Amino acid sequence: MADLVAVGTAKTVDREAELTPSEIVRELDKYIIGQSAAKRAVAIALRNRYRRSLLPEELQGEITPKNILMMGPTGVGKTEIARRLAKLVSAPFIKVEATKFTEVGYVGRDVESIIRDLTEAAIRIVKDEKYKMVEERAKQAANERLVDLLLPEKMRAPKQNSGGTPLASIFGGPLPSAKKVMTAEEEDEYYSTRSSIAFQLNSGLLENQIVEIEVEESQGNNALSAMGIDMNMGDILGSIMPKKKKLRKMSVTDARRVLEAEEADKLIDMDEVTREALLRAENKGIVFIDEIDKIAGRQGASSGPDVSREGVQRDILPIVEGSTVMTKYGPVKTDYMLFIAAGAFHVSKVEDLIPELQGRFPVVVKLDSLTADDFARILVEPDNAITKQYSALLSTENVELNFTHEGVAAIAAYAFNANETSENLGARRLYTIVENLLNDEMYLADGTERTVTVDETYVQQRLKNEYDPQELKKYIL
């Protein structure tokens, strides 16, 4: 198993080998301000996965991930830490809300759908990696097909059916057809025309030309998926009945995307993709369970909704402690997945979770509420800082947006006061405030070159009435 993981996820393992816990924290610091305890916990958990992969196989089976429970108010970075951690090493990641699941026997999604969704995420990651490996070959093959479609009608070869049989025609599949034999003169004209079309195509002269191509009809069953049933009738009957196709007219630009995807599918081995994705889901998967405090029943409760809450906890328990879940790609073991649970725990406490579930989250970290200084740093320091986003947006309209230190401090103060005197939204409060602050600039930007400086005066003029602490107190009961 250790050798298979090393081969199947070489790229991910190499990335994990390069990242020590301190380097992981530095990478997370680029996007999340503060919360050092939570960052250290996830960095150690990620590094331990790599350490485990270096151990003898018999010892690997004895070491399981130490799942993490994060406690903290909304908007302080719980979800972002887990998401950025997964992205750092291309690990399959799924975020779910504990309140969306119901106890077995009730209508709603069952907890095993978490693992099925994680498996789908792993399939997408591996397919994307394989697509990139065959991208150039797929583009070449798609261009050849486009040339065929752009040929004059009389020069087009009769439609061929690769692997088609007379039996397939009973279910709507095409019959095999004989290849047209060309004379020497027709052959010269054919290749000359192809060369001319290929040259125009490569020069971008035919992008708006309309072509007619066959596309596969969707075989998905959304009704079953909505009920949490992991079943696709197209997959079940695919080996018996051919996939239905329909003709569609589209521009060369759109057709190229469709054909490139089809050609890439032909070039990659889906069996290999499935094997690699299952290994990655089992050994690298990260499951983030949000709002776990909402299913924690209060001590002493014995009836009503608390019974159902406890039922959901008991259904989650086997997944977290290690079990095998059947998916349409095959069985998936959850023993070595990393589970990160999170909740505000304002009303309930960690102790309100059933003891068995508490024991499966041995690492408990508390995330701090954000201060005014934290808000100021969030506005300017991360690689995806809000001020950088708005500056980039307005730069497309020739507006240069500059934030002074005093302006940033004023925005941070308003955000902190708003959270203190009304509902605490954490860093999400900044989006509301900055959007309101720059509303006029976003509306008036019309391509005219100008410079806007956001200083303390600018902020106070636009936010004083709306976010004045005395005004906010009027809305608190």
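See the structure printed just above.
Each value, and the rule that gives it
Residues numbered from 1 in each chain as written. Predicted model: local features only at pLDDT ≥ 70, side-chain atom pairs only at ≥ 80, totals over all residues. Heavy atoms only, no water. Helix = DSSP H or I, 4+ residues; strand = E, 2+ residues; numbered from the N terminus. Buried < 20%, exposed > 50% of the residue type's maximum accessible area, 1.4 Å probe, protein only. Contact = heavy atoms within 4.5 Å. Areas by Shrake-Rupley, 256 points an atom, 1.4 Å probe, with all protein chains shown as cover. Pairing = 2+ DSSP bridges. Salt bridge = Lys/Arg side-chain N within 4 Å of Asp/Glu carboxyl O. Axes fitted to C-alpha atoms, helices over the stretch in contact; angles between N-to-C directions. Core = buried A, V, L, I, M, F, W, Y, C linked by side-chain atoms within 4.5 Å. Phe/Tyr/Trp six-rings, centres within 6.5 Å; stacked < 30°, edge-to-face > 60°. Lys NZ or Arg CZ within 6 Å of the ring centre and 35° of its normal. Parallel < 35°, antiparallel > 145°, perpendicular 65-115°, else oblique. Left-handed = near helix turned anticlockwise from the far one by under 90°. Nonpolar A, V, L, I, M, F, W, Y, C, P; charged D, E, K, R; others polar.

1. Things to note about the overall build of the chain
Okay, step 1: A tally of helices and strands in the chain yields 23 helices and eleven strands.
Okay, step 2: Here the chain holds 477 residues, and 41% of them are scored as buried.
Okay, step 3: In the chain, of all internal contacts separated by at least 6 residues, the share reaching a separation of at least 24 is 78%.
Okay, step 4: A total accessible area of about 26500 Å² is found for the chain, and carbon and sulfur atoms account for 51% of it.

2. Notes on the pairing of strand β8 (residues 338-343)
Okay, step 1: In terms of burial, β8 is largely enclosed, as six of its six residues are buried.
Okay, step 2: Burial along β8 is two-sided: the residues Leu338, Ile340 and Ala342 and Phe339, Ala341 and Gly343 are all buried.
Okay, step 3: Note: strand β1 (residues 68-71) against β8, four bridges, orientation parallel. Paired with methionine 71 across the strands is glycine 343, a residue of β8.
Okay, step 4: Summarising the sheet, strand β5 (residues 286-290) and β8 pair through four bridges and their orientation is parallel. Note on β8: the bridge partner recorded for valine 287 is phenylalanine 339.

3. Digging into the pattern of salt bridges
For side chains bearing opposite charge, pairing can occur when the charged atoms are close.
Okay, step 1: Evaluation of the coordinates by the stated rule reveals 24 salt bridges.
Okay, step 2: The partner of aspartate 290 in a salt bridge is lysine 95, and the shortest N-O contact between them spans 3.8 Å. Within this pair, whereas aspartate 290 is found in strand β5, its partner lysine 95 is found in strand β2 (residues 93-97), the two being separated by 195 residues in sequence.
Okay, step 3: Lysine 95 gets classed as partly exposed once you look at its relative accessible area, which sits at 34%.
Okay, step 4: Salt bridges sharing partners connect three or more residues here, namely Glu129, Lys130, Glu272, Glu276 and Arg280.

4. Concerning the sheet that holds β1
Okay, step 1: As summarised here, the arrangement of the five strands in space is β2-β5-β8-β1-β9, forming an open sheet in which the pairing is parallel. Here the strands that pair on one side only, and so sit at the sheet edges, are β2 and β9 (363-366). The mean angle between the axes of side-by-side strands here comes to 20°, regardless of whether they run parallel or antiparallel.
Okay, step 2: Inspection of the sheet shows β1 paired to β9 by four bridges, in the parallel sense. When the bridges of β9 are listed, leucine 69 appears paired with valine 364.
Okay, step 3: Running over the sheet, helix α4 (residues 36-53) touches β1, β5, β8 and β9 and is turned about 165° from β1.

5. Re the nonpolar core
Okay, step 1: In this structure, Met70, Ile340, Ile411, Leu438 and Val454 are the most contacted members of the largest nonpolar core, which totals 58 residues.
Okay, step 2: Excluding residues that lie within four positions of it along the chain, valine 454 makes contacts with Leu401, Asn402, Phe403, Thr404, Gly407, Ile411, Leu437, Leu438 and Val459.
Okay, step 3: Core analysis: the second largest hydrophobic core is formed by 31 residues, Leu278, Val312, Leu317 and Phe339 among them.

6. So, the packing of aromatic side chains
Okay, step 1: Applying the stated criterion across every chain, the model contains zero aromatic pairs.
Okay, step 2: It is arginine 52 that lies over the ring of tyrosine 336; its NZ or CZ is 3.9 Å from the centre.
Okay, step 3: Residue placement shows arginine 84 over the ring face of tyrosine 31; its charged tip is 3.8 Å from the ring centre.

7. Here's the deal with the packing of helix α17 (residues 372-380) against helix α19 (residues 405-421)
Okay, step 1: As a packed pair, α17 and α19 sit with axes 8 Å apart at the nearest point and diverge in direction by 130°. One way to sum up the angle between α17 and α19 is to call them oblique. For the pair α17 and α19, the crossing hand works out as right-handed. Two secondary-structure elements touch here, α17 through Ala372, Phe375, Ala376, Leu379 and Val380 and α19 through Val408, Ile411, Ala412, Ala415, Phe416 and Asn419.
Okay, step 2: Considered class by class, the residues forming the contact of α17 with α19 number ten nonpolar, one polar and no charged.

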